Amino acid sequence: MRPRPSPLLAALVCAAVGVPTAGLGQLAPAAHPQPLPAIQPVDGPLAITVVYPPADAVVGARDSSFLFGATGSGAARLTINGAPVEVAPDGAFLAWLPLPDDTVAVFHLAAERGTQRVSLDWRVRLPPRFVPPDQALWLDPGSLRPRGEMWAQSGEPIRVEARAAPGASVAVRLPDGRTFPLAPDTEPVATYGPFERRPGRLAAQATMRFVGTVPAVPLGAPLPPLTTASVPPDTLSASAGAAVLASRGADTLVAPLPLRVALVDRGALPVVILDDDTARTGRTRGTVVGAPSPHGTFNWFFAEGTPGALDGRVGGQVRVRLSRESLAWVSLADVASVLPAGTPPPETRVRLVRLTPRDSLVEARFGLEARVPFRVDEDERSITVRLYGAQSDLDFVQYGGTDSLVRRVTWAQPSADECTVTFELVSRVFGWRTRWDNSDLVFEIRRPPVIDRARPLAGRTIAVDPGHPPQGSTGPTGLREAEANLAVALALRELLIREGARVVMTRTTDSAIDLYERTSLAERANAEILVSIHNNAFPDGVNPFVNNGTSTYYFFPRAARLALLTQEALVGELGLGNLGAARGNFALVRTSWMPAILTEGAFLMIPEQENALRTPAFQEAFARGIALGIQAFLRGLTEPGP
Ligand SMILES: [Zn+2]
């Protein structure tokens, strides 16, 4: 530790040479990214450990995948299945290996140092690959989709898929004898976020898949009327079900479509109450998410207690009819209760919106006759609340005095039963939240903080979230992501406090915390920024040598600039590849009350990056990148942007 120069002396020196005095602890980017720190040699006992994939795990790849671990000694020479693999000075290794065309792969790892030799056979499993039968005509019954139970509107299109011999004629036959053709299609190649993954040599042939639609009719063993209860599977009576036919010349093959369909009576839809905490754990999101397709991306965030009329179901996903035009899929697990039969679909008139300015927010209270589903959309400087099953009968907008945040409120009726109310703000959107108060929808619009341009972080409340545990990745020599994330978070806390910020940590120890406990902690603390710190890992089958780098994610539009600025600063500080900033559907960035981002600084599976993450210099560079990004974002709030 070097003795510190006295601050008085430093100030005198600056004054003497005419250097402008930077504010105490002023954040500044590093002149240039430091090269990754050299790995210190380790020469322990020779012993091979494989960190990933775990023994006997199913590796989700067909062509090649990675395997990493350590040899105990940087002086070791390592081969896997006879091919040499580089060993880092600390004994870590990362290999990119071809996979056999089989359901089991055994890797023979052999390490030697001088006359010492050790070896290890590592076995993993591989997903079975569909191998087309060696026949002119075939139809794969295991490929038929959809399967299970479905409730649908009479005649609505149901998409059917089948795999059959290329060149065959494929069709679906309904119980009433009508047939509907399926068209040849290419098998899609799965994509994984920003990572490149080539279809490779074992990809399925392009023209083996057939797709088409059939109109919904009752199929298979009878089902009860649309229900939220679980339905025991039933053996299909082939006569009552649909069948898929594949033919070529005079030959025809037939396989039953394993699907039961019941029709929904549109005039008597069951009405339910949505709540994502039906088990009352207090550890959930607090909102029910809706998606445009079953298991699709999140598009709606319904406050707990929002009602909805169900008009369809596929397995464990139910379809909520929001209005004549709009549908949302939610998980069956988020249905809290079913209202008595005969309850009409939610419907209201919107009569009054009353604004009440408060210190840190403006409360907009929607006076409704009954609760209805809704959706919130942000723009740069406006927020629109769309109410479904609603008619605008808005006689009054009460502003509650001249407020400095909401400039104007406008409303519209874009369709017969959807009504929108738009809040035009004088500043950029910073945060909002919703809740029900009896039949009133309470919508709170957060005021942005007042920023000191010279010291943007001074007085700000920043929530810092070290990602994991539970879960998280592990590096080749055993560095756990949770540990690395915490070290960066602690360095960030120090930097932010030095800049005058108040820091709320979601954890400072190694104990596990659920995702939604982290966001609710930040919300309760009224944090003005939430940043979640992570280090990345690849899915099976992605080449880590060509894809690694830094990335930053956001969810709501207001955080896009924060993500872009932080990504730019992080790339400048860390000097790793730039995977870009992206919208990502992560729990930690879905808080609507503040701009929130999630950073993935480095890849723990890369030996040089695992090593770097152990060093204070790299941890501080990571922290500095984040702090610089937040600082630039906050300063930007003072600028009259678009
Ligand atoms: Zn993580």
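Rules of the game
- Residues numbered from 1 in each chain as written.
- Predicted model: local features only at pLDDT ≥ 70, side-chain atom pairs only at ≥ 80, totals over all residues.
- Heavy atoms only, no water.
- Salt bridge = Lys/Arg side-chain N within 4 Å of Asp/Glu carboxyl O.
- Helix = DSSP H or I, 4+ residues; strand = E, 2+ residues; numbered from the N terminus.
- Buried < 20%, exposed > 50% of the residue type's maximum accessible area, 1.4 Å probe, protein only.
- Core = buried A, V, L, I, M, F, W, Y, C linked by side-chain atoms within 4.5 Å.
- Contact = heavy atoms within 4.5 Å.
- Pairing = 2+ DSSP bridges.
- Axes fitted to C-alpha atoms, helices over the stretch in contact; angles between N-to-C directions.
- Donors = N, O, S within 2.8 Å, 3.2 Å for Na, K, Ca; no water.
- Parallel < 35°, antiparallel > 145°, perpendicular 65-115°, else oblique.
- Left-handed = near helix turned anticlockwise from the far one by under 90°.
- Arc of directions from axis to C-beta.

J.: Got a minute to help me understand the pattern of salt bridges in this structure?
T.: Tallied over the full model, the rule gives 38 salt bridges. When the shortest N-O distance is used, the salt bridge between Glu-112 and Arg-77 registers 2.8 Å. Pair noted here: Glu-112 is in strand 6 (residues 104-113) and Arg-77 is in strand 3 (residues 77-80), with a separation of 35 residues, a long-range link. With a shortest N-O distance of 3.6 Å, Arg-614 and Glu-610 are connected by a salt bridge. Given a relative accessible area of 40%, Arg-614 falls into the partly exposed group.

J.: I'm lost on the nonpolar core in this one. Help?
T.: Ranked by internal contacts, the top residues of the largest apolar core, which has 47 residues, are Phe-366, Leu-387, Val-406, Phe-423 and Phe-443. At five residues, the largest contribution of residues to this core is made by strand 25 (residues 361-368). In this structure Phe-366 touches Val-350, Leu-352, Val-353, Val-385, Leu-387, Val-421, Phe-423, Ser-439, Asp-440, Leu-441 and Phe-443, once residues within four positions along its chain are discounted. Counting 45 residues, the second-largest nonpolar core is a separate cluster that includes Leu-27, Leu-479, Ala-491 and Leu-628.

J.: Help me understand the sheet that holds strand 15 (residues 251-256) in this model?
T.: Neighbouring strands of a sheet are bound in pairs by backbone hydrogen bonds; such pairs are parallel or else antiparallel. Taken together, the seven strands give an open sheet; going across it, the order is 8-10-13-12-11-14-15, and neighbouring strands pair in antiparallel fashion. Edge positions in the sheet fall to strand 8 (139-145) and strand 15, since each of these pairs with one other strand and no more. Pairwise comparison of adjacent strand axes, ignoring direction, gives a mean angle of 30° for this sheet.

J.: I'm lost on the pairing of strand 22 (residues 327-331) in this one. Help?
T.: The sheet contact formed by strand 21 (residues 317-321) and strand 22 spans five bridges and is antiparallel. Opposite Gln-317, over in strand 22, you have Ser-331 as the bridge partner. Here strand 21 hands over to strand 22 after five residues, the two strands then running antiparallel side by side.

J.: Teacher, can you tell me more about the sheet that holds strand 1 (residues 49-52) here?
T.: If you walk across this open sheet you meet the three strands as 1-2-5, and the pairing is antiparallel. At either margin of the open sheet sits one strand with a lone partner, and together these are strand 1 and strand 5 (92-98). Taking each pair of neighbouring strands and ignoring which way they run, the sheet shows an average axis angle of 35°. As defined by bridge partners, strand 2 (residues 64-70) adjoins strand 5 across seven bridges and the pair is classed as antiparallel. The residue of strand 5 that forms the bridge with Ala-70 is Ala-92.

J.: Mind showing me how you'd approach the coordination of the zinc ion here?
T.: Within the first shell, the zinc ion binds the protein through His-468 (NE2), Glu-481 (OE) and His-534 (ND1), at distances of 2.1 to 2.2 Å. We note that the donor set of the zinc ion lies within a single chain, spaced as H-x12-E-x52-H. One end of the pair, His-468, is in the loop between strand 33 (461-466) and helix 2 (481-498); the other, Glu-481, is in helix 2, and 13 residues separate them in sequence.

J.: Mind showing me how you'd approach the packing of helix 2 against helix 7 (residues 616-636) here?
T.: The description of two packed helices rests on the angle between their axes and on the distance between the axes. Two elements in contact, helix 2 and helix 7, have axes separated by 8 Å at closest approach and are oriented at 55°. One finds that helix 2 runs oblique with respect to helix 7. In this structure, helix 2 crosses over helix 7, and the sense of that crossing is right-handed. Contact residues: Ala-487, Val-488, Ala-491, Leu-492, Leu-495 and Leu-496 in helix 2; Gln-619, Glu-620, Phe-622, Ala-623, Arg-624, Ile-626 and Ala-627 in helix 7.

J.: Would you take a moment to explain helix 3 (residues 515-524) for this structure?
T.: For helix 3, the complete set of buried residues consists of Tyr-516, Arg-518, Thr-519 and Ala-522. All buried residues of helix 3 project into a common sector of 155° when viewed along the axis, lining one side. Each element contacted by the buried residues of helix 3 is listed here: strand 33 and strand 35 (529-536). Count one or two residues on from helix 3 and you reach Asn-526, which has phi positive near 55°.

J.: What should I look at first to understand unusual backbone geometry in this one?
T.: If a residue is not glycine, its phi is most likely negative; likewise, a peptide bond is most likely trans. Here the amide bond leading from Tyr-52 into Pro-53 is cis, since omega sits at -5°, within 30 degrees of zero. Following Arg-145, the chain continues into Pro-146 via a peptide bond in cis, with omega recorded as -5°. Topologically, Pro-146 is positioned in the loop between strand 8 and strand 9 (148-153). Backbone geometry places His-295, a non-glycine residue, at a positive phi of 60°. One can find His-295 in the loop between strand 18 (287-290) and strand 19 (300-303). Its relative accessible area of 66% is what places His-295 among the exposed residues. Phi at Gln-471 is positive, roughly 65°, even though this residue is not glycine.

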